[in-house]
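# Observations on chain architecture
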Amino acid sequence: MTQEQQGPRTKHKDDEFPTGQQQDQPGLTGLTRPDPDHGEDSYVGHDRLTGKRALITGGDSGIGRAVAIAFAREGADVAIVHLPEETEDAETTASHVREAGRNVALYAQDLRAEGAAEQIVRRTLEDLGGIDVLILNAAYQRKRGGIDETPIEEVQKVFDTNLISHIALAKEAVPHLPEGSSIITTTSIQAAGPAPPLFDYAMTKAAQVAFTEVLAQELTPKGIRVNAVAPGPIWTPLIPATGFPEDKVESFGKDTPMERAGQPAELAGAYVYLASEEASYTSGAVIPVTGGKPFTGG
């Protein structure tokens with residue numbers, strides 16, 4: 001099946017992000033307008049991940065849902081970690097995985113909870129029979145008014161969600177990852193170009209780059225590849241739930257060279273590549289998907 005080629009600047013160019021859609025955390029797809037494009041109607045698989053088993057954190061919506069859909073259509077079974085409040089979104093993602101003919105497992109679990117990583121890895125091994133791809137995608141961010149106004153418990157939540165849970169899951173999963181498997185982290189353009197309102201989020205994303213590069217040096221000799229994807233401004237439920245001013249939401253992504261935000265579906269191919277055999281010599285890499293914004297490292 002040949003897909004029509006489109007100019008990247010005009011694709012999704014007509015998306016409008018209306019004001020008045022601020023949400024509480026966690027952001028939910030049903031409250032996000034316009035609906036994010038996860039590739040439900042566009043992603044075409046080519047058996048690039050046949051037989052693989054993927055564990056995806058934050059797989060209920062946004063980038064995680066797009067990755068789950070793409071992986072399933074490429075032949076992978078999928079386990080998804082999500083917050084209990086995100087169960088409806090997770091069930092929708094699971095339905096797309098099942099429609100692709102693949103197995104799916106859902107785990108309603110706060111990754112910050114004690115013992116969460118051990119439980120999630122154990123259940124994935126039981127439900128999928130193993131783990132070939134670990135995708136560390138779950139994230140939390142909130143707009144900050146200034147460092148003197150930022151509650152330390154909020155900073156702790158950002159670090160626990162974006163960093164500590166990633167380390168804990170990798171620690172538990174690595175002994176079970178076979179040679180040829182891979183770990184993929186979702187970092188951000190914020191790692192390279194941090195914005196003050198997201199200073200704690202940006203710090204964790206820069207640390208994820210270091211984590212990716214260090215872990216690649218440790219695990220690549222064991223046959224486990226470690227890479228990252230660095231999204232730019234991508235339209236997901238996280239954006240209206242961040243607490244940005246309404247005009248910031250309305251103009252989201254227009255400061256990129258493409259003058260538009262990206263959609264989750266536009267990142268899925270990067271994760272598929274990194275998990276596939278085509279990336280057999282790729283480890284310690286960060287793939288920017290930023291609409292043309294430069295990424296030079298954390």
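With an unreviewed UniProt entry as reference, the protein is termed SDR family oxidoreductase, source organism Auritidibacter ignavus. UniProt's Sequence similarities (unreviewed entry) comment on the protein is quoted here verbatim: "Belongs to the short-chain dehydrogenases/reductases (SDR) family."

## Considering helix α2 (residues 87-99)
Over its 13 residues, α2 extends 18 Å from the first C-alpha to the last, a length consistent with the 18 Å expected when each residue adds 1.5 Å. Among the residues making up α2, those that are buried are D89, A90, T93, A94, H96 and V97. The buried residues of α2 occupy an angular sector of 155° when projected down its axis, which confines them to one face. Exposed residues on α2 whose side chains face more than 90 degrees from its buried face are E88 and E99. Its buried side turned inward, α2 meets α1 (62-73), β2 (77-82) and β3 (104-108). G101 sits one or two residues past α2 and shows a positive phi near 85°.

## With respect to the packing of helix α3 (residues 116-128) against helix α4 (residues 152-173)
Two elements in contact, α3 and α4, have axes whose closest approach is 9 Å; the angle formed by their N-to-C orientations is 45°. Between α3 and α4, the crossing angle belongs to the class labelled oblique. For the pair α3 and α4, the crossing hand works out as right-handed. Contacts between α3 and α4 pair A117, E118, I120 and V121 from the former with A168, L169, E172 and A173 from the latter.

## Focus: the environment of Q119
Secondary-structure assignment places Q119 in helix α3. Among the residues examined, Q119 registers a relative accessible area of 31% and is labelled partly exposed. Note: C-alpha distance between Q119 and Q109 (10 residues apart in sequence) is 9.4 Å.

## With respect to the sheet that holds strand β7 (residues 286-289)
Adjacent strands of a sheet form backbone hydrogen bonds with each other and so pair up, either parallel or antiparallel. The seven strands are arranged β3-β2-β1-β4-β5-β6-β7 in an open sheet whose pairing can be described as parallel. The two strands at the open ends of the sheet, each matched to only one other strand, are β3 and β7. The average angle at which neighbouring strand axes cross in this sheet is 15°, direction not considered. Lying on the sheet, helix α5 (residues 199-219) is in contact with β4 (133-136), β5 (182-186), β6 (225-231) and β7; it crosses β5 at an angle near 170°.

## Description of the pattern of salt bridges
Under the defined criterion, the tally for this structure stands at 11 salt bridges. Its salt-bridge partner being D132, residue R53 comes within 2.8 Å of it at the nearest N-O pair. On the criterion of sequence distance, the pair formed by R53 in strand β1 (residues 53-57) and D132 in the loop between α3 and β4 is long-range, its members being 79 residues apart. One network of salt bridges, in which partners are shared, links R144, E154 and D200.

## So, the packing of aromatic side chains
According to the stated counting rule, one finds one aromatic pair in the structure shown. Relative to F252, the ring of W235 lies with its centre 6.1 Å away and its plane at 55°, an arrangement referred to as tilted. Separated by 17 residues along the polypeptide, W235 in the loop between β6 and α6 (246-250) and F252 in the loop between α6 and α7 (265-275) bring together distant segments of the chain. Overall, the relative accessible area of 0% leaves W235 in the buried class. Geometry around Y140 places K157 over its ring, the cationic atom sitting 4.3 Å from the centre.

Rules used throughout
Residues numbered from 1 in each chain as written. Predicted model: local features only at pLDDT ≥ 70, side-chain atom pairs only at ≥ 80, totals over all residues. Heavy atoms only, no water. UniProt positions renumbered as here; feature names shortened; annotations may be inferred. Helix = DSSP H or I, 4+ residues; strand = E, 2+ residues; numbered from the N terminus. Expected span 1.5 Å × (residues − 1). Buried < 20%, exposed > 50% of the residue type's maximum accessible area, 1.4 Å probe, protein only. Arc of directions from axis to C-beta. Contact = heavy atoms within 4.5 Å. Axes fitted to C-alpha atoms, helices over the stretch in contact; angles between N-to-C directions. Parallel < 35°, antiparallel > 145°, perpendicular 65-115°, else oblique. Left-handed = near helix turned anticlockwise from the far one by under 90°. Pairing = 2+ DSSP bridges. Salt bridge = Lys/Arg side-chain N within 4 Å of Asp/Glu carboxyl O. Phe/Tyr/Trp six-rings, centres within 6.5 Å; stacked < 30°, edge-to-face > 60°. Lys NZ or Arg CZ within 6 Å of the ring centre and 35° of its normal.

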